[in-house]
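One-letter residues, chain by chain:
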Amino acid sequence: MSIAVIFFREVLEIALILGVVLVATRGLPFRGRWILIGLGAGLVGSGIVAYSAGAIADAVEGVGQEIFNAGVLVVAGLLIIWTIVWMKSHARELSERIRTIGAQVIEGRRPLYVIAVVICLAVLREGSEIVLMTYGAMLSGSTFTELVFGSLAGLVAGAAVGAAIYFGLIRMSARYVFTVTSVLLAFLAAGMMSQAVNQLTQAGFLSVLTTPLWDTSSLLSESNVVGRILHALVGYTARPTGVQLIAYAGTLVAVVLLVKRASRPVGPQTEQSRESTASEPELAATANPSS
Amino acid sequence: VTCIFKLSLISTLIAVLAFAPGFADEDDTKEETKKEVTKEKDAKESKEAELPEYEKDKDGKPVKKDVYVIQIKDHKFMPAKIVVPAGEKIKLRIENLDPTPEEFESHDFNREKIITGGGKATMYVGPLKPGQYKFFGEFNEDTAQGLIIAL
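So, here's what we can say about the structure. These numbers were taken from a predicted model, which means no experiment stands behind them. (Residues numbered from 1 in each chain as written. Chains lettered and ligands numbered in written order. Predicted model: local features only at pLDDT ≥ 70, side-chain atom pairs only at ≥ 80, totals over all residues. Heavy atoms only, no water.)

## Brief notes about the pattern of salt bridges
All names here are of chain A. Applying the stated rule across the entire model yields nine salt bridges over all chains. Close ionic contact of arginine 239 with aspartate 215 constitutes a salt bridge, the shortest N to O distance being 3.4 Å. Of the two residues, arginine 239 sits in the loop between α9 (225-234) and α10 (242-263) while aspartate 215 sits in the loop between α8 (174-202) and α9, which places them 24 residues apart along the sequence. Among the residues examined, aspartate 215 registers a relative accessible area of 44% and is labelled partly exposed. (Salt bridge = Lys/Arg side-chain N within 4 Å of Asp/Glu carboxyl O. Helix = DSSP H or I, 4+ residues; strand = E, 2+ residues; numbered from the N terminus. Buried < 20%, exposed > 50% of the residue type's maximum accessible area, 1.4 Å probe, protein only.)

So this is what it looks like as structure tokens:
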């Protein structure tokens, strides 16, 4: 039973992120392949991280784990922000593609690398915990059947919640789906940044504004399912600290500003792509001048 | 698509229902409140006896230690209760004497850290407001339970 519960908790986070990302990338070509690559790399990475958990933990005077987690969270958060901005600057093409199936392939595969990395990082963080927990359960003498049934039950239940989010979002009309998924992704990124800051606080790197500002645990505890889902989706914390709040709000403000900047030139398409090329030098490699 | 959506909704409902007790929702909460009530009673009757021993300064406030060590053995914390001064950032060292990995976790003071079998981990907690803060081992939640008391 406990194996199923832990599996469910960890899979839930992966499934929710996957659900939102899948909706956000709807209509992009070859996305399935990149998502599978992300999942696969994440699974392999989980094993590696779990295997080297001891080495990671002992690194940097015993706070290697926090630095690793914070790094993973910050990178994932930044890539999600980048995805939102990319989506915004290609919104018209994307929604066109969704409406008319078989339309021209959208330029640039770049965001799909990004999505593969985001999924890989999500799997990495939660997956390594699953591996360690399973290893511990095996050492403690759990039977093979307990492990198999527990993990399957947890996996199915977690995936079901992710699927519910996915199918709930995907039923919306194409007009709203971008706005809604962008907002969801922005909160997802903000939640990751806030968690990253908390990891750094735990490691002792931050010591200002580290007292919780309020406590809503009596209203919604992080230990129940709804609290967990909101924690994974929008970074809900019952007792946020000042630095967490700053990281959270700062991320949201940054996203709003970046999106505004990306959508400012309402003029011809060429100007828009030039703008994004200028702001993202990496894009230059894949920017397609055909438009 | 609608069919799949409905199916997934139903399975989610089933999943949530199936796992609800596991998330300390119904039975556990009742038990916990019961426990807390008795705890409060005990605390009223003998407040000093409820607390583990700790070094006090002349005002009776706990003296801050450089590091607070908690060991994990047989999926239990030793000591399971520690007293720390409120309003101070404290350093916690968790030593896992079991061969199995454990995740030290607390929703009450927002900490989460994996400690490998036979491994050690250091983390900073607080400053905490006066009060009681639960922590637990996520991989063995039935037995691995502990409490930080900030005075």
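## Re the side chain of asparagine 96 of chain B
Residues and elements named next belong to chain B. In this structure, asparagine 96 sits in strand β4 (residues 90-96). Judged by relative accessible area, asparagine 96 falls into the buried class, the value being 2%. There is a polar contact of 3.3 Å between the side chain of asparagine 96 and the backbone oxygen of isoleucine 115. Look past the residues within four positions of asparagine 96 in its chain and what remains in contact with it is Ile72, Pro101, Glu102, Ile115, Thr116, Gly117, Gly118 and Gly119. (Polar contact = N/O pair within 3.5 Å; in protein donor to acceptor, adjacent residues only side chain to side chain. Contact = heavy atoms within 4.5 Å.)

## A short note on the pairing of strand β8 (residues 131-137) of chain B
Here strand β5 (residues 102-106) of chain B pairs with β8 of chain B via two bridges, running antiparallel. Among the inter-strand pairings, phenylalanine 104 of chain B is bridged to a residue of β8 of chain B, identified as glycine 137 of chain B. (Pairing = 2+ DSSP bridges.)

## Observations regarding the nonpolar core
Counting 59 residues, the largest nonpolar core has Ile80 and Leu185 of chain A as the members making the most contacts within it. Of all the elements in the fold, those that place two or more residues in this core are α1 (2-24), α2 (31-51), α4 (64-89), α6 (110-139), α7 (144-170), α8, α9 and α10 of chain A. A per-element tally of this core places α8 of chain A first, with eleven residues. Apart from residues no more than four positions distant in its own chain, isoleucine 80 of chain A is found in contact with Val118, Leu185, Leu188, Ala189 and Met192 of chain A. Ranked by size, the runner-up nonpolar core spans 22 residues in total, among them Ile82, Ile94, Phe109 and Leu128 of chain B. (Core = buried A, V, L, I, M, F, W, Y, C linked by side-chain atoms within 4.5 Å.)

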